[in-house]
Amino acid sequence: MANDFTFKQFHIYGHQCGMPVSTDGVLLGAWADIISSVSILDIGCGTGLLSLMAAQRNSKAKITAIEIERHAFQAALNNCQQSVWAERINVIHANIASFNPQSERFDSIICNPPYFTSGEVSSIASRATARHTNQLSHQDLIGFCSDLLIPGGKASFILPKYEGDQFITLIESSLLSLTRLTQIRSTPTKPVSRLLIEITLNANHNKSEAVECAELLIHQGSNYSDAFITLTKDFYLKM
């Protein structure tokens, strides 16, 4: 996994970050429904990838990017400041648990969250923070989304299949509803490996029953699938 990555309209420098650029992040950044958003919150922004993708896709939104790990924060700050959207992205070094937006609520939240809920934690602190839920449990993440979204606001995530299914179960006992779900397969013969998940804060505490479901294939034969190319072509240099 490369620490540095150049996209069509911006560059990511990921020195010493626990999770540099990944296909997961690009999928989420391209898939999240943020086009009409006015205010976007990127929780655990890492290198700033999702914030920069959101800024490219939405020319008016103000974006707040929050990151607890200092190396990732510094990388995100540098990456966003060097982009053409620097004035619209505010990068904050803080724990989401202590984040105080001064009564501001957001139209959209984007998050590529930690997903390991058990097992050995990496000895590399930055990688452990990015990958393991010790510092940000999924239950707490759902609670933060409930507190920080406006009614009708949406939060979008990507998770491995098993952890994603558990995440969806947690949503059922919250004020949020699952409204969109895309299952990711790397090839036609392999099982679903990732879930793109959108949840919405219910207005008037009414649970939505409509879920938009889809499946996305990354590779078709030796090439990328047409659907993957369509989704990501505005970002990858060779698409």
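Refer to the structure printed above.
What counts and how
- Residues numbered from 1 in each chain as written.
- Predicted model: local features only at pLDDT ≥ 70, side-chain atom pairs only at ≥ 80, totals over all residues.
- Heavy atoms only, no water.
- Helix = DSSP H or I, 4+ residues; strand = E, 2+ residues; numbered from the N terminus.
- Buried < 20%, exposed > 50% of the residue type's maximum accessible area, 1.4 Å probe, protein only.
- Contact = heavy atoms within 4.5 Å.
- Areas by Shrake-Rupley, 256 points an atom, 1.4 Å probe, with all protein chains shown as cover.
- Pairing = 2+ DSSP bridges.
- Phe/Tyr/Trp six-rings, centres within 6.5 Å; stacked < 30°, edge-to-face > 60°.
- Lys NZ or Arg CZ within 6 Å of the ring centre and 35° of its normal.

A. Representation of the overall build of the chain. Of regular secondary structure, the chain possesses 7 helices and 12 strands. Each of the 239 residues in the chain was classed as buried or not, and the buried ones make up 51%. Restricting to contacts in the chain with at least 6 residues of sequence separation, those with at least 24 account for 69%. In the structure as shown, the chain presents an accessible area of about 11600 Å², 49% of it carried by carbon and sulfur atoms.

B. Local environment of the pairing of strand β7 (residues 149-160). Strand direction decides the pairing type here: strand β6 (residues 106-111) and β7, joined by 5 bridges, are parallel. Within β7, the residue paired with Cys-111 across the bridge is Phe-157. As paired strands, β7 and strand β9 (residues 194-201) are joined by 7 bridges and run antiparallel to one another. Bridged to Ser-156 within β9 is Glu-198.

C. Examining helix α2 (residues 49-57) more closely. Summarising burial for α2: 8 of the 9 residues are buried, a large majority. Of the positions making up α2, those classed as buried are Leu-49, Leu-50, Ser-51, Leu-52, Met-53, Ala-54, Ala-55 and Gln-56.

D. Examining the pairing of strand β8 (residues 176-185) more closely. Counted residue by residue, β8 has 8 buried out of 10 residues, so it is predominantly covered. Relative to β9, β8 runs antiparallel, the two being bridged by 8 bridges. Of the residues in β9, the one forming a bridge with Ile-184 is Arg-194. Sheet analysis places β8 next to strand β10 (residues 212-217), joined by 6 bridges and oriented parallel. Bridged to Ile-184 within β10 is Leu-216.

E. Focus on the packing of aromatic side chains. Across all of its chains, the model carries 8 aromatic pairs by this definition. Ring centres of Phe-10 and Trp-85 lie 6.0 Å apart, and the angle between their planes is 70 degrees; this geometry places the pair in the edge-to-face category. In this pair, Phe-10 sits in the loop between β1 (4-6) and β2 (11-13) while Trp-85 sits in the loop between α3 (70-81) and β5 (89-93), placing the two residues 75 residues apart along the sequence. With relative accessibility at 6%, the residue Phe-10 sits in the buried group. An aromatic cluster of three or more residues is present, and its members are Phe-5, Phe-7, Phe-10, Trp-85, Tyr-224, Phe-228 and Tyr-236. When the ring centre of Trp-31 is taken as reference, the NZ or CZ atom of Arg-180 above it lies at 3.9 Å.

F. Structural detail: helix α1 (residues 23-31). Within α1, 8 of the 9 residues are buried, which leaves it mostly tucked inside the rest of the structure. For α1, the complete set of buried residues consists of Asp-24, Gly-25, Val-26, Leu-27, Leu-28, Gly-29, Ala-30 and Trp-31.

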